[in-house]
Amino acid sequence: MAADPAQPDAPELDSFSLVLPLPYRVALIIVLGVWAWGANLQYLALIRIDVPSLIRYPSRSSPTLPPHHLSTYRLATLLSLPLAASLLLFWLITHGDAQAVVDWEILPNLYLIVLVCCMVLPWHSVSRSGRSRFLSTLKRISIGGIAEAQDGKFGDILMADAMTSYAKVLGDLFVALCMFFTRKHSTGRPDRSCGGAFWVPFIIAIPSLIRFRQCIIEYLRVRRSNQRSGTIGSAGWGGQHLANALKYSSAFPVIILSAMQRGYEPGKFGLSEAGLFRLWLLAVFLNSFYSFYWDVTKDWDLTLLSGQRERNNPEHPWGLRRNRYFHTKEMYYGAIIMDLMLRCTWSFKLSPHLDHFNDLEGGIFLMEFLEVFRRWIWIFFRVETEWVRNNRGPAPDDILLADHNGIKLDED
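The rules behind these values
- Residues numbered from 1 in each chain as written.
- Predicted model: local features only at pLDDT ≥ 70, side-chain atom pairs only at ≥ 80, totals over all residues.
- Heavy atoms only, no water.
- UniProt positions renumbered as here; feature names shortened; annotations may be inferred.
- Axes fitted to C-alpha atoms, helices over the stretch in contact; angles between N-to-C directions.
- Helix = DSSP H or I, 4+ residues; strand = E, 2+ residues; numbered from the N terminus.
- Parallel < 35°, antiparallel > 145°, perpendicular 65-115°, else oblique.
- Left-handed = near helix turned anticlockwise from the far one by under 90°.
- Contact = heavy atoms within 4.5 Å.
- Nonpolar A, V, L, I, M, F, W, Y, C, P; charged D, E, K, R; others polar.
- Core = buried A, V, L, I, M, F, W, Y, C linked by side-chain atoms within 4.5 Å.
- Buried < 20%, exposed > 50% of the residue type's maximum accessible area, 1.4 Å probe, protein only.
- Disulfide = S-S within 2.5 Å.
- Phe/Tyr/Trp six-rings, centres within 6.5 Å; stacked < 30°, edge-to-face > 60°.
- Lys NZ or Arg CZ within 6 Å of the ring centre and 35° of its normal.

The name recorded for the protein chain in an unreviewed UniProt entry is EXS domain-containing protein, from Aplosporella prunicola CBS 121167. The record in UniProt for the protein chain states the following under Subcellular location (unreviewed entry): "Membrane".

A. Summary view of the packing of helix α2 (residues 22-46) against helix α16 (residues 361-392). Here α2 crosses α16 at 20°, and the two axes come no closer than 10 Å. As far as their axial angle goes, α16 and α2 are roughly parallel. For the pair α2 and α16, the sense of crossing is right-handed. Taking contact as the criterion, the partners of Arg25, Leu28, Ile29, Leu32, Ala36, Trp37, Ala39, Asn40, Tyr43 and Leu44 in α2 are, on α16, Glu361, Phe365, Glu368, Phe369, Val372, Trp376, Ile379, Phe380 and Val383. Considered class by class, the residues forming the contact of α2 with α16 number 15 nonpolar, one polar and three charged.

B. Examining the nonpolar core more closely. Counting residues in hydrophobic clusters, the biggest one holds 29 residues, and the most contacted among them are Leu44, Ile49, Trp300, Phe381 and Val383. Here the element with the most residues in this core is α16; it accounts for seven residues. When near neighbours in sequence (up to four residues on either side) are disregarded, Phe381 contacts Trp300, Arg321, Phe326, Met331, Tyr332 and Ala335. In this structure, Ala27, Leu83, Cys118 and Val372 belong to the second largest nonpolar core, which totals 28 residues.

C. Up close: the state of the cysteines. Scanning the entire structure with this criterion turns up one disulfide. Here Cys178 is linked by a disulfide to Cys194, with a sulfur-sulfur distance of 2.0 Å. Handedness here is read from the sign of the S-S torsion; for Cys178 and Cys194, about -80°, the answer is left-handed. In this pair, Cys178 is assigned in helix α9 (residues 167-181) and Cys194 in the loop between α9 and α10 (199-229), connecting sequence segments 16 residues apart.

D. Representation of the packing of aromatic side chains in the model. Taken as a whole, this structure holds 21 aromatic pairs when the rule is applied. Aromatic pair Phe180 and Phe181: ring centres 5.2 Å apart, planes at 85°, arrangement edge-to-face. The exposure class assigned to Phe180 is buried, which follows from its relative accessible area of 16%. Since its relative accessible area comes to 65%, Phe181 is described here as exposed. Residues Phe212 and Phe252 carry aromatic rings whose centres are separated by 6.5 Å and whose planes lie at 65° to one another, so their mutual orientation is edge-to-face. One end of the pair, Phe212, is in helix α10; the other, Phe252, is in helix α12 (residues 251-262), with 40 residues separating them in the sequence. Residue Phe212 is classed as partly exposed on the basis of its relative accessible area of 29%. Given the relative accessible area of 18%, Phe252 is considered buried. Taken together, the aromatic side chains of Tyr43, Trp300, Phe326, Tyr332, Phe373, Trp376, Phe380 and Phe381 make up a single cluster linked through ring pairs. Over the ring of Trp378 we find Arg375, and its NZ or CZ is 4.5 Å from the ring centre.

Right under this line is the structure:
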């Protein structure tokens, strides 16, 4: 796409965007996510946790077929090679020149097309069944749907939770496409107001909306099951699904208040700018620590934030649980500390109003990368917890529920 001589974007490019424009950042984080999933599968298989069985993925029909993690690595390689070639060509052509970076926006956008084609087109055999399963799951959860337990509900939950960590990446993808189609140059200075004040915050909120709807569906399923049986079953009355829905909905005030700050006009909202900021800071605090509590206590079944009796139980290390698959207790403690730190950081990153500072583009990318890293670690412990529940705890169809009437999720 030819550059507009009057376009002021080029002189305003920061040093980070000269090296890694916005479309490349989006592509790089997506590809890293594929590599990370392969590493999840490989390590969990080494400690004898069968991830495919947990997500109801068909087992290999022949021992000659490659293991699941190897198929994932092959797909990641297929995505990485053209990305590396595109980046090298882009750097050779532009040499860090701002005007050239703007002029050659076609290269990163062509790679985004290649990325989509590699994921959705059936013409190549690399991880064909895995890509098909990914697309069918994505289609189901894209409107907040969720499978029944026997059809792969846990896989739907893992993917939808992973999407919440890609919320800002999806927002940046929308910004890049919006800038490209409105001729603002997608490799120029990111215009996160592209499309108006509504669309970017809405895109960021979509993954949380998906998980919110899934939790409501799960609550209604429990209610219907209890009504049919006439009693409260082993899954309780479904209150934990409502509590989980509340956790995801706590992201909405952060996003809304942030958007209000970005477009702040005195007198428009009936609050001073300082008052609006304090409300936003309170929303960030609630979202961060509620999410951290849920990760540790509900998703990982650890006792750190439980009552003193459970936390100090001599049958397990302090704050953990009895049945554990990872080799050292320090791995659990390290994951807890990391999760707390990055949960707080990510809540700030949900805020579109922070990224109008041009010199923060490198920091924004780092925060997005760290959130994908946090989710990668989270998946190890979430899957391990599910394996413990299925093999030494409640019934396999009890995936998110805990009874608020005294029944524990983990009976070890």
